[in-house]
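Reading the structure
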Amino acid sequence: MQKTGQPTINDVARIAGVSKKTVSRVINQSPLLNEETRRKVEEVIGGLGYVPNPQARALALRRNFLIGLVHDNPNAQTVLNVQQGMLEALDDTEFEMVVRPVRRGSPTMLEDLRHFLERQRLFGVLLMPPISENDAVAKLCDDIGCRYVRMGSAMLDDEAHMVASNDRDAVRGATEYLIAQGHRRIGLVAGPYGFRSAHERRSGFEEALGDAGIALPRSMIAEGNYTFESGLAAAGRLLDLTPRPTAIFSCNDEMAAGVVHAAAQRGLDVPRDLSILGFDDTPIAAHIWPPLSTVRWPIASMARSAALKLIGGAEPGDEGVDEPAMFMSTLIRRGSVAAPPA
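The rules behind each value
Residues numbered from 1 in each chain as written. Predicted model: local features only at pLDDT ≥ 70, side-chain atom pairs only at ≥ 80, totals over all residues. Heavy atoms only, no water. Helix = DSSP H or I, 4+ residues; strand = E, 2+ residues; numbered from the N terminus. Rg over C-alpha atoms; globule rule 2.2 N^0.38 Å. Buried < 20%, exposed > 50% of the residue type's maximum accessible area, 1.4 Å probe, protein only. Contact = heavy atoms within 4.5 Å. Areas by Shrake-Rupley, 256 points an atom, 1.4 Å probe, with all protein chains shown as cover. Patch = residues over 30% accessible without salt bridge, like charges linked within 9 Å, V, L, I, M, F, W, Y side chains within 5 Å. Salt bridge = Lys/Arg side-chain N within 4 Å of Asp/Glu carboxyl O. Expected span 1.5 Å × (residues − 1). Arc of directions from axis to C-beta. Polar contact = N/O pair within 3.5 Å; in protein donor to acceptor, adjacent residues only side chain to side chain.

**A few points about the overall build of the protein**
- Along the protein, the regular secondary structure elements total 13 helices and twelve strands.
- Computed over the C-alpha atoms, the radius of gyration of the protein is 26 Å, more than 25% above the 20 Å expected from 2.2 N^0.38 for a compact globule of 342 residues.
- In terms of principal-axis extent, the alpha carbons of the protein reach across some 85 × 40 × 35 Å.
- With 342 residues in all, the protein has 51% of them scored as buried.
- Looking at the protein alone, contacts between residues at least 24 apart form 71% of all its contacts between residues at least 6 apart.
- For the protein, the accessible area works out to roughly 16,200 Å², and carbon and sulfur atoms hold 50% of it.

**Some details on a nonpolar patch on the surface**
- On the surface, a nonpolar cluster with roughly 270 Å² of combined accessible area is contributed by Met-155, Met-326 and Met-328.
- Looking at the element boundaries, Met-326 is found in strand S11 (residues 326-327).
- On the accessibility criterion, Met-326 (35% relative accessible area) is partly exposed.

**What to know about helix H3 (residues 35-48)**
- Taking 1.5 Å per residue, 14 residues should reach 20 Å; H3 reaches 20 Å between its end C-alpha atoms and fits that length.
- Listing the buried residues of H3 in full gives Thr-37, Arg-38, Val-41, Val-44 and Ile-45. Taken end-on, H3 shows its buried residues confined to a sector of 130°, consistent with a single buried face. Looking at H3, the residues exposed on the side facing more than 90 degrees away from the buried face are Glu-35, Glu-36, Gly-46 and Gly-47.
- Here the buried face of H3 lies against helix H1 (9-16) and helix H2 (20-27).
- For H3, the N-terminal cap is Asn-34; the gap from its side-chain oxygen to the backbone nitrogen of Glu-36 is 3.2 Å.
- A positive backbone phi angle near 70° is found at Gly-49, which sits one or two residues after H3.

The values are spatial; any link to function lies outside them.
Right, dumping it as structure tokens:
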């Protein structure tokens, strides 16, 4: 009777004429083998279509082939972009991704995270902002021997543990672009308190105005929380001012979409009556009307680099990869910015 089912390690060993231990060494790329034996076993594996059991391999190597993504981010699109970048890096590898949302305000956040990392025995973990901005989380990963990379809007750690973007400089340049168009009354929809990205972007905005000698009254700043609804509410406060701003910079595209909506509610034409500039360059930026001028945040590229940093050196003899730690954000000019009304 013909055997059915998936081939096993026993089948490989029998056909190759070696022990199961030898097959295991080939699978785990052990240096304790001669090339002839390795080639013979690999040919049998390929011929049978044998797929190693990941749980068995993890047990043998005392680690799981899992890369974690830990986040507490109100913007779902940002989390999706990070997942996209990580999956690109993990494609054609033995690694899988595990996503774990946490609540940074919880008094048991660190304890809960420790239990998750220890239970899953992750090979490594990518920490998204604002969780990545907590030094205690990085120390926790160190203490339990879990590889980690932090993602942020400024360098928070050494290059081996960091992927960062130049948010402050990028926003300064974007604000200078608004000023060059002739705008002097420029409002800010700021990000949420406690996010380093919100701090860096606001600082870049304020620096550009200060360099140009433009005053920034407190009334021209309205805080949001990176959601459409908060952008709509913040824009309402700015657009009800007298005189109102001729331009608004929003610290992300979701809130900028809320600004566009608030302008339409008041019968204002964008960009004739009001210029709007965002940050992220998420799909919403190109899909709204007029298309949104924005700062392109290379979040997927950052996540891809972070994942490659984490899996570098996973195999014997693998010295890892030389991935960058700093990524440049760039201004994308579309249809939502023009000179202020005469």
